[in-house]
Amino acid sequence: MGGAVAPPMQRNMTDKSRRDFLQKSAQGMAVAATGGLIWSFLVRQEAKANPAAIRPPGALVEADFNATCIKCGQCVRACPYDTLDLATAGQDIPIGTPYFFPRDIPCYMCPDIPCKVACPTGALRADLSDIADSRMGLAVIDMENCLSWQGLRCEVCHRECPLRDKAIGIETHPRQISKHAMFVPIVHSDACTGCGICEKACPTEKAAIRVVPAELVQGKIGEHYRLGWKIDTPITQEFKPADDRPAAQDDAAPGEAPGLDYLNEGSF
Amino acid sequence: MSITRRDFMKSTVAASAAAAVGIPISQIAKAEVAEAEKDWQWDKAVCRFCGVGCGIMCATKDGRIVATKGDPDAPVNRGLNCIKGYFNGKILYGKDRLTQPLMRMTDGKFDKQGKFAPVTWDQAFDEMEKQFRRAHGELGPAGVSIIGSGQYTVQEGYVAAKFMKAGVRSNNIDPNARHCMASAVAAFIQTFGIDEPSGNYDDIEYTDTAVLWGANMAECHPILWSRITDRKLSHPDMKLVNLSTFGNMSSSVADLEIIFKPNTDLAIQNYIAREIVHRDAVNWDFVNKHCVFATGPYDIGYGMRNTDKFAHDAEKDIQAKENAVVLDEAEAVAQRRKAGETVEQKNAGGAGKHWQISYDDFKTAVEPYTLDFVAELSKGDPDESLDDFKVKLKQLADWFIDDQRKLVSFWTMGFNQHQRGTWVNEQCYMNHLLLGKQAQPGNGAFSLTGQPSACGTAREVGTFAHRLPADMVVANPKHRERSEKLWKLPAKTINPKVGSHIVKIMRDLEDGNIKFAWVQVNNPFQATANANHWIEAARKSDNFIVCSDPYPTVSAKVADLILPSAMIFEKWGAYGNAERRTQMWREQVPPPGQARSDVWQVLEFSKRFTVKDFWGEQKLPGLKADGFEDGKLPDVIAAARDMGYSPDDNMYKVLFATPANTKVAWPDPVAKGHDNHTVVALGENWFPEKALFEEYAEFGRGHEHDLAPFDVYYRDDVRGLKWPVVDGKETPWRFNGEYDPYVPKGEKFAFYGKALKAIPKGNLDGVTDPNKTAHTDKAKIFFRPYAAPVEQPDKNYDLWYCTGRVLEHWHTGTMTRRVPELHRAVPTATLFMHPADAQSRNMQRKDVVWIESRRGKIKAVLETQGRDRMPKGYVFLPFFDEGVFANKIALDATCPISKETDYKKCAVKVYKA
Amino acid sequence: MSTSTQRLGPNGKPVRPFVMPDTLSGKLKVWRFIIYRRIVQFTVLLLFLGSVHWGWSVFDKPLLVGTLSSSEFLGVIPMADPFAVLQMFFTGHVLNAEVVIGALIILGFYAILGGRTFCSWVCPINPVTDLAAWLRKRLGFGPACNLNRNTRMIVLALALVLSAITGVAAFEWISPISMLHRELIFGIGLGLTAVLGIFLFDLFIVRNGWCGHICPLGAFYSVVGRVAGLLQVHFDGPTCTHCGECAKVCPEPQVLNLKKAAATGRVEPGDCTNCGRCIPVCPEDTLHFDWRPLLKNKTQTTEATDRRAA
């Protein structure tokens, strides 16, 4: 119906009914807008409910995962270890989406990744072919409560890690106060899949190694810097000047030289 | 679970924050903790688990262990623990702890096919006495047995051994230490004439080279491993070699990992010996003064039954090798014979005999063990190049021979659980002795133990079928005489015939030669190889099995009567670790329900028998000994009467509550207020643990095994003492004049052990001069050849199979699997396999697979990325998990000398379940 | 029961009220569509439940794995909620072919079937709202407020707009239908409180409030089902006395525009959920499911209709 020109029928309306109509329309739109706002608030709240949720292997980044997961639970059914669960309403995990608590049941890293195979939407990336490439989270060690970091011979996480020595390595350090070495577990983020077997296996009362989404804990070295001993960069022998390098300026306007403000103002 | 998932997620986030910045605990929280812990009472104790013997401290409150900590003053561990030790306090509190005697009953009466039902201690002992009398009456002393333990406290082992050897006159008492240390013992006795290592753990901090021979110390001796690793970190020249049949956790710190084929450690050691000879590196000063060369027969069998009467069809081909073996190529070269030759195993019954040979003979014997021959034979990883392997062997020999380099060899089950376990132990001494690298700080061959008191109890007390306390043996008349004197027994009370070792007790149950077995501190029906046979024998034959245990184990389930036992901190006790350190603890908490200490159980049971029950004439089939009528133990009741015993005196009074012992009064100030439930349950006022310890210690005092007085071990400033303790001083290194008071003054070294010093002369083929010469104060350098494993992979059973431990679990898992955290960490035993072997069988990790041997089949989950890196063709399965039951399919071949089972090699096939 | 004045319908026949039969078999006949619907609803639920929890399978292929949002039948045939997929499409994400094919299969299925068959035959909320409606009638609650039935169209539009704005499938994140279904299959949570909310809303506030006014999924299917499908309620115009019994039981009475129906010979598709309530209560047998397209022999049906009319 509606267009730029009001239909003839409406032109015959009385002022009152016109006012009523406008009022009703405005009210309707306001209700819709209010409802929409509340609705979108709810959705946004829910969709970011817990940034610490650990997702099945191959899950897209959280926002994309939330958008593409259709909440069907086929991955849950496919998991042979009952690792996965769908979040119910009221949980801190985005509703209906699959997650797991590694301390209860971790991901045992099936080579055939049945959960990913079951996913109909691609919320679990179909192109994940090697389970070792999955990144469900990152194991983080609470050094203060890790028995191995205190010198005890535990290292259960290291021995149980399915990517032992790649994802969790052991460094040996002298203990200083006695003639015993310490065997401290170190998580390597480049290999840790976040499967959580370490968290499950950790024998302390509350796990001293836990899987959390990498974004929550991982820092980043500045793009402008490289660790000298880690990247081999020989001196470039045939240097090629850039094609679009800035040309030398020979007609800069007087009075606009950078630094003048500092040089000319203020005292010493 | 007390926390909800929601709380859990919240705490996850909080802790990761703490990991980053370290949230400080507030002063208020600290004060609250201090308040809660203010009435905790601390006392020193010992870790319940392995042979390392870490000191721990126990805190008790309201009759419960509320916490433990590593003892910072304990020199072994300086406050540290491994993850098992960390849970010492929790092992007592499993949900299914047994609290009352349980007997198989039908309609209120014992019935072997009945269901377990609770009974009183009186009912339990009544039936036990009846069954004991029945077996004893029918078969004599040889028809009853005790299956003991290297986890016995010193006193438990002592009362069990004394009850059997002095009371019942039966030598059928043998511990699970047979499965663990017997080969080491046999080699110690044959080489040095006395048991247990010369060195101590401080060797680690003195040495430049540690060589592991079949010892995954990283997992099985965790705290010692951290000392070795620390030595490596702090001493740049320290070298570490890990010899193993597969890549294990100990390789991670090692400089050299040598993966060899099963049994070829025999060849590798002879290669080193040949290098020593060829490089003219023999330390002649040392060898001439302190050593003689020796050898023994090669045709000694494999410790299996020599009849196939009890073998299942599939077992018969291997069993037949007990009687005759066709030599393979390598064996033929190694033993200087022809390949394909059939060798009757004539010396299976006399495997331990040996004789002196010349150095020239020795040289001839090691000559075939060239680098080429040994490398070809022993390379264990098909993916490794032969040249690389040769370089490694040569490097090992170089480090051995380097006279600037101190060197310690460590081993445990890789050597001991070996069809030639005694040989391979002796070969280790061979190389150390040839180089003079023995019995000095940082130099020595050091046999590690697996159990907390394999040394302290099983070996020192002598709870073996052939032993008496302080390294004496039943076969030696002088030892019997001395024991009878100390025990105040009539002459010829002690049975001179060696009893049944633990595997033989099982076989005796199967063939009806033993009809009563009492299992103490042990889970033999899960731990003994080829377990299907023994479980069936126990359940289906006419016999009576008693199992004393704190938990319902496989052995308890197999038994007819279960007696609830007190656990470590619920009784007074003492353990002796691998470095001869005796450590004691007090009773910290009462045992639950009607559970009682094993000491009480034996003492109480002994009250039911009198002098006339055992000390009259007893039939003993097969007995042949000087001074004894064949097949009979003499009546000694008359002699006993002369000594003041009445035929009606009960064994409790005769053996334990003797006038001397009952003078040791309870209460005793050494208790510092701690209880003793054994005393209370006995209803008397003497202190059995102290009295019996002092009585036992008399055996060793002045006889190279001196223990300190009981009370000394309980001093606040003592954390165990390394025997011999002479004039209040421990002995850090034995046989070394600088440290050992038993070495004659002025001598640098003396291998003064007294056993088997007199031997005949001969050559490599046998004895030439049967006259025995005594080689006082000398050690023997044995030549022992390579011998092929009796069962090897073939077309049908195409994989090597090895069982063993993991760090998280102790033995058959009866304690550690009841600690929820340890169970969660490693809930089940997984089969470790090379990924290519899995792939070629169409299997992948996490598949459930069948593992089948000639002796049966079991199911386990497959793991190709496990902690151990298996070479192709080799699988490993831990034995802690009764659900998997690794020992059902293991071969029960033993070292024919030590009778210790070889759990490390047999053949299996693996396929998808 | 007799009335003093006999009212006549537009066709000249006397208007007869619907009388509930006394016999059980008669009652069962009246309730038959409710029974059929419950059977279908619970069978669908059971298939999902059995496949997930008890490993139901045929030839080693799991029977029906997933939820109404998306599932797989016998390990090969994908199925998906087309509305959910449409929302996800609005979020701007590219989806796997599998789920798109699944959505098309379901879309096609309901389009061919016609009407909002999903709503009354499959949707797990339907028994809840039916119960609320029944109770409301028994307790005689009047309307607490009025709500335009087209509200659901606005909600439908909002769902798509909000999907585009928030970047997630907006309705799927709050859908009590999915919550209930998911929680019945994968474990109970607070989703049931949302269901309780709908129940109370329907019971106390608006009659057929959720299904008839708000639910955007229902709105979606009414758009899809607008084209005449296989399953529809046939209206035998000449027999109708305009007694109004059908409208009393219909949850979407606007579809019972009798003039229109008389002209087209069928109840207006789209909003009609094919629940079949109207059929047994019609004293004149005017209404009946038209199985015509399902039956080969067209004349047979016509004969049957004629017989009934006679």
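All figures in this text were calculated on a predicted structure; none of them were measured in a lab.

Here the focus is the overall build of chain C. A tally of helices and strands in chain C yields 15 helices and seven strands. Split into buried and exposed, the 310 residues of chain C put 50% on the buried side. Of the contacts made within chain C by residues no fewer than 6 positions apart, 70% connect residues no fewer than 24 positions apart. Split by element, the accessible area of chain C, about 14,900 Å² in all, is 67% carbon and sulfur. Across chain C, the mean location of the 28 positive side-chain charges is 7 Å away from that of the 19 negative side-chain charges.

What follows concerns the interface of chain A and chain C. With 36 residues of chain A in contact, the opposing surface of chain C contributes 43 residues. Between chain A and chain C lies a buried interface of about 3,100 Å² when both sides are counted; carbon and sulfur atoms form 69% of it. Our enumeration of links across chain A and chain C arrives at zero salt bridges. Across the contact surface, chain A and chain C share nine residue pairs in polar contact (both at pLDDT 80 or more).

Once that is clear, we can look at the state of the cysteines. All names here are of chain C. If you walk through the whole model with that rule in mind, you get zero disulfides over all chains. Unpaired in terms of disulfides, Cys 119 finds its nearest cysteine sulfur in Cys 215, a separation of 6.2 Å. On the basis of relative accessible area, Cys 119 is assigned to the buried category, the value being 12%.

Counting residues in each nonpolar core, the largest one holds 109 residues, and the members touching the most others are Trp 39 of chain A together with Leu 287 of chain C. Leave out the neighbours within four places in its chain, and Leu 287 of chain C touches Val 233, His 234, Phe 235, Cys 246, Val 267, Cys 278, Ile 279 and Cys 282 of chain C.

Bringing the pairing of strand 20 (residues 516-520) of chain B into the picture now. Residue and element names in this part refer to chain B. Of all five residues making up strand 20, five are buried, and the element is well covered by its neighbours. Here strand 20 shows no split at all, with Phe 516, Trp 518 and Gln 520 on one side and Ala 517 and Val 519 on the other all buried. The pairing of strand 7 (residues 144-148) with strand 20 spans four bridges and is parallel. Residue pairing across strands places Ile 147 opposite Val 519, the latter belonging to strand 20. Bridging between strand 20 and strand 21 (residues 544-549) involves five bridges; their strand directions are parallel. The residue of strand 21 that forms the bridge with Phe 516 is Phe 544.

To continue, consider the interface of chain B and chain A. Across the contact, 49 residues belong to chain B and 51 residues belong to chain A. Carbon and sulfur atoms supply 59% of the area buried between chain B and chain A, which totals about 4,300 Å² over both sides. Here chain B is connected to chain A by three salt bridges. Arg 867 of chain B serves as the salt-bridge partner of Glu 160 of chain A, at 2.5 Å between the closest nitrogen and oxygen. Taken together, the links from chain B to chain A amount to 16 residue pairs in polar contact (both at pLDDT 80 or more). Counting residues per element, the ones that place at least two in the side of chain B that touches chain A are helix 1 (5-21), helix 7 (217-220), helix 8 (222-234) and helix 32 (820-825) of chain B. With eleven residues, helix 1 of chain B is the single largest residue contributor to the side of chain B that touches chain A. Taken together, the residues that form the side of chain B that touches chain A break down as 23 nonpolar, eleven polar and 15 charged.

This brings us to helix 24 (residues 598-606) of chain B. Across the nine residues that make up helix 24 of chain B, a large majority, nine, are buried. Where helix 24 of chain B is concerned, the buried positions are Asp 598, Val 599, Trp 600, Gln 601, Val 602, Leu 603, Glu 604, Phe 605 and Ser 606 of chain B.

Right, let's talk about the packing of aromatic side chains for a bit. Residue and element names in this part refer to chain B. A full pass over the atoms with the stated rule returns 79 aromatic pairs over all chains. Centroid distance Phe 286 to Phe 751: 6.0 Å. Interplanar angle 75 degrees. Geometry classified as edge-to-face. One end of the pair, Phe 286, is in helix 10 (residues 284-290); the other, Phe 751, is in the loop between strand 27 (721-722) and strand 28 (758-763), with 465 residues separating them in the sequence. Residue classification places Phe 751 among the buried positions, given a relative accessible area of 0%. A cation over an aromatic ring shows up here: Arg 420 above the ring of Trp 423, its NZ or CZ 4.9 Å from the ring centre.

To continue, consider the sheet that holds strand 3 (residues 64-66) of chain C. Residue and element names in this part refer to chain C. Spatial ordering of the open sheet is given by 3-4-5, a layout of three strands whose pairing is antiparallel. Each of the sheet's edge strands pairs with one partner strand only, and the pair in question is strand 3 and strand 5 (77-80). Sheet twist, expressed as the mean angle between neighbouring strand axes with direction ignored, is 25 degrees. Relative to strand 4 (residues 70-73), strand 3 is paired through three bridges, and the arrangement is antiparallel. By the bridge assignment, Leu 64 is partnered in strand 4 with Phe 73. Packed onto the sheet, helix 4 (residues 97-113) meets strand 4 and strand 5 and runs at close to 75 degrees relative to strand 5.

This part takes up the arrangement of the chains. Between all two pairs of chains that are in contact, chains A and B come out with the most contacts. Structurally, chain B and chain C remain out of contact, their C-alpha atoms never closer than 13 Å.

Moving on to the pattern of salt bridges. Enumeration over the complete set of coordinates arrives at 94 salt bridges over all chains. Of the charged contacts in the structure, one is a salt bridge between Glu 129 of chain B and Arg 608 of chain B, with a shortest N-O distance of 3.0 Å. Separated by 479 residues along the polypeptide, Glu 129 of chain B in helix 3 (residues 121-139) and Arg 608 of chain B in the loop between helix 24 and helix 25 (611-614) bring together distant segments of the chain. Measuring nitrogen to oxygen at the nearest pair gives 3.0 Å for the salt bridge that ties Glu 694 of chain B to Arg 701 of chain B. On the basis of relative accessible area, Arg 701 of chain B is assigned to the partly exposed category, the value being 21%. Salt bridges sharing partners connect three or more residues here, namely Arg 153, Glu 155, Arg 159 and Glu 160 of chain A together with Glu 219, Glu 808 and Arg 867 of chain B.

Here we take up unusual backbone geometry. Trp 666 of chain B connects to Pro 667 of chain B through a cis peptide bond whose omega is 0 degrees. Inspection of the secondary structure puts Pro 667 of chain B in the loop between helix 28 (659-662) and helix 29 (677-682). A cis amide bond links Trp 723 of chain B to the next residue, Pro 724 of chain B, at an omega of -5 degrees. Its place among the elements puts Pro 724 of chain B in the loop between strand 27 and strand 28. Here the phi dihedral of Phe 885 of chain B falls at roughly 65 degrees; this positive angle occurs in a residue that is not glycine. Checked against the element boundaries, Phe 885 of chain B lands in the loop between strand 35 (874-878) and strand 36 (906-912). Even without glycine at this site, Asp 285 of chain C takes up a positive phi of about 55 degrees. Inspection of the secondary structure assignment puts Asp 285 of chain C in the loop between helix 14 (278-281) and strand 7 (287-290).

All names here are of chain B. With six of six residues buried, strand 31 (residues 799-804) is to be regarded as a mostly interior element. For strand 31 and strand 36, the ladder comprises three bridges, and the chain directions are antiparallel. Residue pairing in the sheet places Trp 800 in a bridge with Ala 907 of strand 36.

This part takes up the sheet that holds strand 16 (residues 407-411) of chain B. Residues and elements named next belong to chain B. Pairing within the open sheet is parallel, and its five strands lie in the order 11-10-9-16-17. Edge positions in the open sheet fall to strand 11 (256-259) and strand 17 (444-447), since each of these has one partner strand only. Each strand of the sheet is rotated relative to its neighbour by a mean of 15 degrees, with strand direction disregarded. Alignment of strand 10 (residues 239-244) against strand 11, held across four bridges, turns out to be parallel.

Residues and elements named next belong to chain A. You can read the domains of chain A as domain 1 (37-135) and domain 2 (137-218). One C-alpha centre belongs to domain 1, the other to domain 2; they are set 25 Å apart. Three residues stand out in domain 1 for area buried against domain 2, namely Arg 103, Met 109 and Arg 135, and they jointly supply 46% of the buried area on that side. Linking domain 1 with domain 2 are zero salt bridges. Where domain 1 meets domain 2, there are six residue pairs in polar contact (both at pLDDT 80 or more). In the side of domain 1 that touches domain 2, the residues fall into twelve nonpolar, one polar and three charged.

Definitions and limits used
- Residues numbered from 1 in each chain as written.
- Chains lettered and ligands numbered in written order.
- Predicted model: local features only at pLDDT ≥ 70, side-chain atom pairs only at ≥ 80, totals over all residues.
- Heavy atoms only, no water.
- Helix = DSSP H or I, 4+ residues; strand = E, 2+ residues; numbered from the N terminus.
- Buried < 20%, exposed > 50% of the residue type's maximum accessible area, 1.4 Å probe, protein only.
- Contact = heavy atoms within 4.5 Å.
- Areas by Shrake-Rupley, 256 points an atom, 1.4 Å probe, with all protein chains shown as cover.
- Lys, Arg positive; Asp, Glu negative; His and termini not counted.
- Charge placed at Lys NZ, Arg CZ, Asp CG, Glu CD.
- Buried area = accessible area lost by both parts, 1.4 Å probe.
- Salt bridge = Lys/Arg side-chain N within 4 Å of Asp/Glu carboxyl O.
- Polar contact = N/O pair within 3.5 Å; in protein donor to acceptor, adjacent residues only side chain to side chain.
- Disulfide = S-S within 2.5 Å.
- Core = buried A, V, L, I, M, F, W, Y, C linked by side-chain atoms within 4.5 Å.
- Pairing = 2+ DSSP bridges.
- Nonpolar A, V, L, I, M, F, W, Y, C, P; charged D, E, K, R; others polar.
- Phe/Tyr/Trp six-rings, centres within 6.5 Å; stacked < 30°, edge-to-face > 60°.
- Lys NZ or Arg CZ within 6 Å of the ring centre and 35° of its normal.
- Axes fitted to C-alpha atoms, helices over the stretch in contact; angles between N-to-C directions.
- Domains from an automatic or database assignment.

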